[in-house]
Amino acid sequence: MQFRSGTLKGDEKVALKRKGTTADDNEGSPPAKKARSSKKSAPQNTPTVVTEKELVSEPEEDAEVLSSEDEDPEAAAESQEKLQSVLKGSGKDPYPDWKAGDPVPFAALCTTYSKIEMTTKRLEISAHCSKFLQQVLRLTPDDLQVVVLLMINKLAADYVGIELGIGESLIMKAIGESTGRSLAIIKADQKDIGDLGLVAAKSRSNQPTMFKPKPLTVRGVQESLMTIAQTEGKGAQERKVGGIKKLLSAADTQFAGKGSKGIDITKDKGGPSESKFIVRMLEGKLRLGLAEKSVLVALSNAVVMHESKVKTGKDASGQKIAEGERMLKSIYSELPSYEVIIPEMLKHGIMKLRDHCNLRPGVPLKPMLAKPTKSITEVLDRFEGKDFTCEYKYDGERAQIHYVSKDADEVFATAAPSAGKSEGGVSNIFSRNSEDLSKKYPDILQRLPAWVKPGTKSFVLDCETVAWDVKEKKVLPFQQLMTRKRKDVKAEEVTVQVCVFAFDLLYLNGEALVNKSFRERREALRGAFNETEGEFKLAQYGNTNELEEIQILLEDSVKASCEGLMVKMLDGPESSYEPSKRSQNWLKVKKDYLSGVGDSLDLVVLGAYFGKGKRTSWYGAFLLACYNTNKQTYETVCNIGTGFSEAILEEFHTKLSENTIDHPKPFYSHSAGNKDQPDVWFEPKFVWEVKTADLTLSPRYKAAADQLGKGVSLRFPRFIKVREDKKPDQATSSRQIAEMYQRQESVAKNKGPAADDDFEY
Ligand SMILES: Nc1ncnc2c1ncn2[C@@H]1O[C@H](COP(=O)(O)OP(=O)(O)OP(=O)(O)O)[C@@H](O)[C@H]1O
Ligand SMILES: [Mg+2]
Ligand SMILES: [Mg+2]
């Protein structure tokens, strides 16, 4: 098939492909230029004009716990006040039936979950959370940590690497076996109801019970989930099913024997059913509309209220509540570990946390992220009147290196399970996801001590690992890095050499540097390390505000096999390191930016279409989605069939077919139209990086539809690579897509489609 520029939308192209062509016909085709000209010549693709008012979206909780992107301080103050009035309202405990010192009943947590699920109002959600946590603090403070972790649907901090996310088929099997219903009936119910949690609740409430098992406790459930998550090896699946069955049999004892009157799934979203929430925890998604950030805020509120009641017998003042919230947010951004913070907070009080909890080697923090830009002129506009620096943007894998030498004074019991820990020090590499990469890069850890100057005893370093051509002495493309094994790599057997490019220093010799200016941090970085050719380098940079000079830096960076530039504020509080935040103070300029879009997207694979011709046994095209962090749903954004090699299609077929599900998940937001249904649906698991010519509004897709009225879709989407370092809920958010669309439209309006290009490759 010939690619006819300007006549097809990306999705139409996929549709055509399905009629008998192969997926990568267009390998190497629609370049940005064609796509742009197509936009001019295809007026039917011109997006509907959206008014300012429509663009004002609801404030959205970001997946990154703390990123309070562009928060409006006035609105924040107002909501603080409202929250306090809600909090101070009725003093009744949310769950009366538990005595001080008793383990927290799981039913109590489920009651709170259910209340949260019944409202969409952020303040009510926070209030329910906070009241429940206050009751935990008063009656069973020892369980606080477990309760908080379950509220954010985690079994442990990310770096521990324990995750749920059990496949539908195992869960269905366990529901069937534990309730004596056949798998066929469970499947039929699932088809009908579309929500496994509710299927479990229904199955359970219809079941006559012979004896009454002991009620579940929060701690007991957490321990069982942990065991299930950690089951590996021979017969693991059977043992997992066994574990789930046990949990489900002990669930909902308060409803047991009450027959179908127990739970009416049509009412109240199934109510506080324990089975429902257990199943959702197993699936890895609670779907309460409870963002991690809200739990953090509720926790700080609850602790401040509790402390005040204990000390003075009265409610805390609004000011105290606000102070507590600021304190906990700031602590958590440097030390994102409830396992460390909660015990210290219970021991010393929330306002004393700074004395006990600080950034520390061994506990990875969420990295600071950058905002995309479309051109150097945009950078100059944004940083006008400020000193900034332009660093090469290396194209590899983000890495946070944590190190404490064996003879340092600092000893932390909470370091991640690391290679070096048993010998006394800390020596870890963490991914952007806070996953422990130490087993992937033993060669880096081995060489590390040689890069450190004698006085450097401990540090946390932010850097990019890049594949390195030892012979030619230059950076290799990202694809080379991906050919490295991910686990159990032996330093002697490394085939792909890596060079570490360091660009920030967050901690040095016992002191956190995150609040210092970038100029100072860079100075400290220079002072603490020795560069070693091909092994360890500081990121190349130039400090300039001149357009032409930046242009040259950009060209040089590309010659050095980099992706473009990272432009960073140098001085003042704005140049501090902002963990987990996509900051205005870090801007990325990519060499191959496409007008109006500026960056690639990372999308979740939800479904696929079978290929045609010789590819009937593989998938030829895929349905992709972005993530709505507010609603915790996946919103479809395009069909894609371009950019795949045969080998990769074969590989994807193998991997994806293990994750098929019979019906789309209830948290998939997709078009209901018959012709828009993919041939197969998948569990949300894989994240792919995709480039697009531009964004357009389309009734077939749902991305950012809340903000824009209609869904956004991608034109000429093209597969770039698998994002192994991103989880589905770290995919590009609906809000980012709305932002990209708005910026594209404002550029189109002001200057015409491609008028702002000040460089081109
Ligand atoms: N000098 C540098 N300073 C900061 N980051 C750098 C630098 N060089 C390379 N990087 C990498 O660039 C990344 C940011 O740009 P990139 O477009 O690669 O982001 P991404 O991983 O796709 O994530 P997202 O699209 O969510 O921002 C950083 O996370 C880091 O891994
Ligand atoms: Mg990158
Ligand atoms: Mg990206």
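Residues numbered from 1 in each chain as written. Chains lettered and ligands numbered in written order. Predicted model: local features only at pLDDT ≥ 70, side-chain atom pairs only at ≥ 80, totals over all residues. Heavy atoms only, no water.

## Here we look at the overall build of the chain
So, step 1. Helix and strand counts for the chain stand at 24 helices and 22 strands.
So, step 2. Of all 761 residues assigned to the chain, the portion counted as buried reaches 58%.
So, step 3. Across the chain, the fraction of contacts at a sequence separation of at least 24, relative to all contacts at a separation of at least 6, is 75%.
So, step 4. Here the chain has roughly 31,900 Å² of accessible surface; of this, 51% comes from carbon and sulfur atoms. (Helix = DSSP H or I, 4+ residues; strand = E, 2+ residues; numbered from the N terminus. Buried < 20%, exposed > 50% of the residue type's maximum accessible area, 1.4 Å probe, protein only. Contact = heavy atoms within 4.5 Å. Areas by Shrake-Rupley, 256 points an atom, 1.4 Å probe, with all protein chains shown as cover.)

## Some points on unusual backbone geometry
Glycine aside, residues mostly have negative phi, and peptide bonds are mostly found in the trans state.
So, step 1. Positive phi is not limited to glycine here, since Asn153 has a value of about 60°.
So, step 2. Tracing the backbone through its elements, the reader meets Asn153 in the loop between helix 7 (144–151) and helix 8 (168–179).
So, step 3. Phi is positive for Arg287, close to 55°, though the residue is something other than glycine.
So, step 4. Mapped onto the fold, Arg287 is located in the loop between helix 13 (274–283) and helix 14 (292–312).

## Quick notes on the domain arrangement of the chain
So, step 1. Taken domain by domain, the chain holds domain 1 (69–153 + 290–355), domain 2 (168–283), domain 3 (369–594) and domain 4 (601–742).
So, step 2. Between domain 2 and domain 4, the contact holds six residues from the first and six residues from the second.
So, step 3. Buried area between domain 2 and domain 4, summed over both chains or domains, comes out near 540 Å², and the portion from carbon and sulfur atoms is 47%.
So, step 4. Its largest share of buried area at the contact with domain 4, domain 2 owes to Glu168, Lys191 and Gly194, together 64% of the area lost on that side.
So, step 5. Its salt-bridge partner being Lys665, residue Glu283 comes within 3.3 Å of it at the nearest N-O pair.
So, step 6. Where domain 2 meets domain 4, there are three residue pairs in polar contact (both at pLDDT 80 or more).
So, step 7. Looking at the side of domain 2 that touches domain 4 residue by residue, the class counts come to no nonpolar, one polar and five charged. (Domains from an automatic or database assignment. Buried area = accessible area lost by both parts, 1.4 Å probe. Salt bridge = Lys/Arg side-chain N within 4 Å of Asp/Glu carboxyl O. Polar contact = N/O pair within 3.5 Å; in protein donor to acceptor, adjacent residues only side chain to side chain. Nonpolar A, V, L, I, M, F, W, Y, C, P; charged D, E, K, R; others polar.)

## Some remarks on the packing of aromatic side chains
So, step 1. Under the counting rule described, the total for this entry stands at 30 aromatic pairs.
So, step 2. Relative to Phe501, the ring of Tyr394 lies with its centre 3.9 Å away and its plane at 15°, an arrangement referred to as stacked. Of this pair, Tyr394 sits in the loop between strand 2 (388–393) and strand 3 (397–404) while Phe501 sits in strand 7 (residues 498–508), and the two are 107 residues apart along the sequence. Across the pair, Phe501 and Tyr394 agree in class, each one buried.
So, step 3. Ring geometry for Tyr634 versus Tyr668: centroids 6.1 Å apart, planes at 85°, classification edge-to-face. Here the residue Tyr634 occupies a position in strand 15 (residues 633–640), and Tyr668 occupies one in strand 17 (residues 668–669), the gap between them amounting to 34 residues.
So, step 4. Assessed through its relative accessible area of 5%, Tyr668 is described here as buried. (Phe/Tyr/Trp six-rings, centres within 6.5 Å; stacked < 30°, edge-to-face > 60°.)

## Details of the pairing of strand 7
So, step 1. The buried fraction of strand 7 amounts to eleven of the eleven residues, a majority that puts the element mostly inside the structure.
So, step 2. When strand 5 (residues 458–469) meets strand 7, the two strands line up antiparallel, connected through nine bridges. Counted as the bridge partner of Leu461 is Leu505 from strand 7.
So, step 3. One ladder, built from two bridges, connects strand 7 with strand 8 (residues 511–512); its direction is antiparallel. Across the sheet, Leu508 pairs through a bridge with Glu511, a residue of strand 8.
So, step 4. Where strand 7 folds back onto strand 8 in an antiparallel hairpin, the turn is made up of two residues, including Asn509, whose phi is positive at roughly 45°. (Pairing = 2+ DSSP bridges.)

## Thoughts on the site of ligand 1
So, step 1. Around ligand 1 sit 19 residues in total, of which Glu464, Arg582, Lys590, Arg723 and Lys726 are the nearest.
So, step 2. Interatomic distance of 2.4 Å between a side-chain N/O atom of Glu464 and an oxygen atom of ligand 1.
So, step 3. Contacts to ligand 1 include Lys588, whose side-chain N or O atom sits 2.8 Å from an oxygen atom.
So, step 4. Burial of ligand 1 by the surrounding chains reaches 94%, relative to a free accessible area of 610 Å².
So, step 5. Elements represented by at least two residues in the shell around ligand 1 include exactly strand 2, strand 11 (564–569) and strand 12 (582–590).
So, step 6. Here the shell around ligand 1 takes four residues from strand 12, the largest share from any one element.
So, step 7. Classifying every residue of the shell around ligand 1 by side-chain character gives five nonpolar, no polar and 14 charged.
So, step 8. Of the domains in this structure, domain 3 (369–594) and domain 4 (601–742) are the two that each give at least three residues to the shell around ligand 1. (Near = heavy atom within 4 Å.)

## Overview of the pattern of salt bridges
So, step 1. For the structure shown, the criterion picks out 53 salt bridges.
So, step 2. The salt bridge involving Asp143 is made with Arg219; its shortest N-O contact spans 2.7 Å. Of this pair, Asp143 sits in the loop between helix 6 (122–139) and helix 7 while Arg219 sits in helix 11 (residues 218–230), and the two are 76 residues apart along the sequence.
So, step 3. On the basis of relative accessible area, Asp143 is assigned to the buried category, the value being 3%.
So, step 4. Taking the relative accessible area as the measure of exposure, Arg219 reaches 32% and is therefore partly exposed.

## A closer look at the nonpolar core
So, step 1. Of all hydrophobic cores here, the largest spans 85 residues; its most connected members are Leu109 and Leu299.
So, step 2. The dominant element in this core, judged by the number of residues it contributes, is helix 14, at eight residues.
So, step 3. Looking at this core, you find at least three residues from each of domain 1 (69–153 + 290–355) and domain 2 (168–283).
So, step 4. Every residue in contact with Leu109, bar those within four places of it in the chain, is listed here: Phe132, Val147, Leu150, Met151, Val218 and Met281. (Core = buried A, V, L, I, M, F, W, Y, C linked by side-chain atoms within 4.5 Å.)

## Observations concerning the packing of helix 14 against helix 16 (residues 338–348)
So, step 1. Where helix 14 contacts helix 16, the two axes come as close as 12 Å, and the packing angle between them is 10°. It follows from the interaxial angle that helix 14 and helix 16 lie roughly parallel. The handedness of the crossing between helix 14 and helix 16 comes out as right-handed. Side by side, helix 14 and helix 16 meet where Leu296, Leu299, Val303 and Glu307 of the first sit next to Tyr338, Ile342 and Met345 of the second.
So, step 2. For the contact of helix 14 with helix 16, a count of residues per class yields six nonpolar, no polar and one charged. (Axes fitted to C-alpha atoms, helices over the stretch in contact; angles between N-to-C directions. Parallel < 35°, antiparallel > 145°, perpendicular 65-115°, else oblique. Left-handed = near helix turned anticlockwise from the far one by under 90°.)

## Topic: the environment of Tyr634
So, step 1. A relative accessible area of 2% places Tyr634 in the buried class.
So, step 2. Once residues within four sequence positions are removed from consideration, Tyr634 is found in contact with Lys285, Val604, Leu606, Ala625, Cys626, Tyr627, Phe667, Tyr668, Ser669, Pro684, Pro728 and Asp729.

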